[in-house]
Amino acid sequence: MQNTDTPRVLVLGATGRTGAAVVKELEATPGQVVPVRASRSETTVEQWIKEGKEAVRIDLDDPDTFPDALEGIDRVFLMTGYTSAMNHQTKTLVDAAEDAGVSFLVHLGVFGDKRSTDPHFAWHELVERYIAGSKVAWANVHPHVFMENLLGINRLRDGRMVWPMGDKQVGWIAGDDIAAVVARILADGPDIHTGKDYYLSADLLNGAEVAEVLSATLGQDIPALVLGPDDLQRMIDAGLDVAPANMDAAYAASTLIWARQTYEGRMDYSAVTTSTVQDLLGREPVHLGSWAAAHRQELLGQLS
Ligand SMILES: NC(=O)c1ccc[n+]([C@@H]2O[C@H](COP(=O)([O-])OP(=O)(O)OC[C@H]3O[C@@H](n4cnc5c(N)ncnc54)[C@H](OP(=O)(O)O)[C@@H]3O)[C@@H](O)[C@H]2O)c1
């Protein structure tokens, strides 16, 4: 029988990359919190319930679905997808969480400096101010570039690592480390983590350095194609590079602005690694070489 004292955590995006990994982490330490999966797909929710999992339907574009989804929920993993809808989605969800008596929100943000000017970074900072203005306790997790982007937006093209930011390095973090940190914060709860910002960056690497790590790990020669943002813009204009299907035009345009700002040195403040994984989990973060070894088949599949 379920212990009703155990905090119930609503995990948004439970069908997605980070949300699914957060659920997995929370389930690996049973008894601390009860994860409640959320999806906008009725079929997915029904399937989860059939499998004996706690699940609710929520559509972040339909606040009428929020009160039922938040009933009996103590903590929320608050994440949104790659669209500018994140602004109204987060705003309305925070309002509903406050009304429902949720005690703790853990927000998935980006690696900004709270003075960001590229749109999607600015949106995340805007919603974080909104969360901070609510009555609900909060913590923010700020991951740098996901290593998993190497399976998506930064996948190898014609066997090459395309890098539109010259020799500029960015921070990289594995999805499993993001999920493990988020899960620890959700399980520990507001007494320990209220008002904290956790920045995640395990490796500092530019495109040529990523190509070197991938070449060494996969035993294949993977060259880098080092470009600037103008070259990327030309590729986009020529239809040679298209945004992923789950990214809207405004978010996609913002990622290009981010690349330009990185190239121009305006993001140099973020060229750092952090000790967050070590501090919260007491272990080394996953480095790109071991991440690539774990994703060997998917990466090799991009070469065939
Ligand atoms: N990629 C990076 O390098 C990076 C770096 C830093 C921060 N971030 C941030 O990470 C976040 C994305 O994380 P991710 O890669 O884990 O996302 P993801 O895999 O694309 O998953 C997005 C999730 O959001 C859900 N979702 C989308 N629209 C919804 C709606 N209207 N109602 C309910 N659920 C909805 C999706 O569920 P369904 O589609 O099943 O409904 C899906 O589970 C973004 O906020 C991004 O800014 C990314």
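Scoring rules and cut-offs
Residues numbered from 1 in each chain as written. Predicted model: local features only at pLDDT ≥ 70, side-chain atom pairs only at ≥ 80, totals over all residues. Heavy atoms only, no water. Helix = DSSP H or I, 4+ residues; strand = E, 2+ residues; numbered from the N terminus. Expected span 1.5 Å × (residues − 1). Contact = heavy atoms within 4.5 Å. Salt bridge = Lys/Arg side-chain N within 4 Å of Asp/Glu carboxyl O. Buried < 20%, exposed > 50% of the residue type's maximum accessible area, 1.4 Å probe, protein only. Near = heavy atom within 4 Å. Polar contact = N/O pair within 3.5 Å; in protein donor to acceptor, adjacent residues only side chain to side chain. Areas by Shrake-Rupley, 256 points an atom, 1.4 Å probe, with all protein chains shown as cover. Pairing = 2+ DSSP bridges. Axes fitted to C-alpha atoms, helices over the stretch in contact; angles between N-to-C directions. Core = buried A, V, L, I, M, F, W, Y, C linked by side-chain atoms within 4.5 Å. Phe/Tyr/Trp six-rings, centres within 6.5 Å; stacked < 30°, edge-to-face > 60°.

Asker: Any chance you could explain helix H5 (residues 119-132) here in plain terms?
Answerer: Residue pairs spaced three or four apart in an α-helix point in one direction, given the helix's 3.6 residues per turn. Taking 1.5 Å per residue as the helical rise, H5 with its 14 residues ought to reach 20 Å, and the 20 Å between its terminal C-alpha atoms agrees with that figure. In this fold, the buried residues of H5 make contact with strand S4 (75-78), helix H4 (86-100), strand S5 (104-108), strand S6 (137-143) and helix H10 (249-263).

Asker: Which parts of the structure should I look at to understand the pattern of salt bridges?
Answerer: If the charged atoms of two oppositely charged side chains come close together, the side chains can form a pair. Counting across every chain of the model gives twelve salt bridges. For Glu-51, the salt bridge goes to Lys-53, with nearest N and O atoms at 2.6 Å. Residue Glu-51 is classed as partly exposed on the basis of its relative accessible area of 41%. Glu-98 is paired through a salt bridge with Lys-135; the nearest N and O atoms lie 3.8 Å apart. Note that Glu-98 is positioned in helix H4 and Lys-135 in the loop between H5 and S6, a separation of 37 residues in sequence.

Asker: Before we go on, may I ask you to explain the site of the ligand in this structure?
Answerer: Taken together, 27 residues lie near the ligand, and Thr-15, Thr-18, Arg-40, Tyr-82 and Tyr-251 sit nearest. At 2.9 Å from an oxygen atom of the ligand is found a main-chain nitrogen or oxygen belonging to Gly-16. Protein coverage of the free-state accessible area of the ligand, which is 930 Å², stands at 86%. For the shell around the ligand, the secondary structure elements donating two or more residues are helix H1 (17-28) and strand S7 (145-146).

Asker: So what exactly am I meant to see when it comes to the sheet that holds strand S11 (residues 203-205) here?
Answerer: Strand pairs in the sheet, formed through backbone hydrogen bonds, run parallel or antiparallel to each other. Taken in spatial order, the three strands of this open sheet run S7-S9-S11, and their pairing is mixed. A single partner strand is all that each edge strand has here, and the edge strands are S7 and S11. Where strand S9 (residues 170-173) and S11 come together, three bridges link them in antiparallel fashion. Bridge pairing in S11 links Val-170 to Leu-205. Lying on the sheet, helix H8 (residues 207-218) is in contact with S9 and S11; it crosses S11 at an angle near 115°.

Asker: Just checking my understanding: could you explain the nonpolar core for this structure?
Answerer: Note on soluble globular proteins: their nonpolar side chains tend to be buried together. Formed by 80 residues in total, the largest nonpolar core has its most connected members in Leu-10, Leu-12, Val-76, Leu-93, Leu-105, Trp-172 and Ile-185. If near-sequence neighbours (up to four positions away) are discounted, Leu-93 is found in contact with Leu-12, Ile-58, Leu-60, Phe-66, Leu-70, Val-76 and Leu-78.

Asker: Is there a simple way to think about the sheet that holds S4 in this case?
Answerer: Overall, parallel pairing links the seven strands, which are arranged S3-S2-S1-S4-S5-S6-S10 in an open sheet. Of all the strands in the sheet, just strand S3 (55-57) and strand S10 (196-200) have a single pairing partner and so form its edges. Geometrically, the sheet is characterised by an average inter-axis angle of 20° between neighbouring strands, direction not taken into account. Here three bridges tie strand S1 (residues 8-11) to S4, and the two strands are oriented parallel to one another. Bridge pairing in S4 links Leu-10 to Val-76. H1 rests against S1, strand S2 (34-39), S4 and S5 of the sheet, and its axis sits at about 160° to S1. Taken strand by strand, H5 contacts S4, S5 and S6, and its axis lies near 175° from that of S5.

Asker: Mind showing me how you'd approach the packing of aromatic side chains here?
Answerer: Between two aromatic rings, the relevant description is the distance of the centres plus the angle of the planes. For the structure shown, the criterion picks out four aromatic pairs. Both rings, one in Trp-123 and one in Tyr-251, keep their centres 6.2 Å apart while their planes meet at 55°; by these two values the pair is tilted. Note that Trp-123 is positioned in helix H5 and Tyr-251 in helix H10, a separation of 128 residues in sequence. Owing to a relative accessible area of 15%, Trp-123 belongs among the buried residues under this scheme. We classify Tyr-251 as buried; its relative accessible area is 7%. Their ring planes at 35° and their centres at 6.0 Å tell us that Trp-163 and Trp-172 sit as a pair that is tilted. Note on accessibility: Trp-163 and Trp-172 belong to one class, buried. In this structure an aromatic cluster arises from ring pairing among Tyr-82, Trp-123 and Tyr-251.

Treat this as a map of the structure, not an account of what it does.
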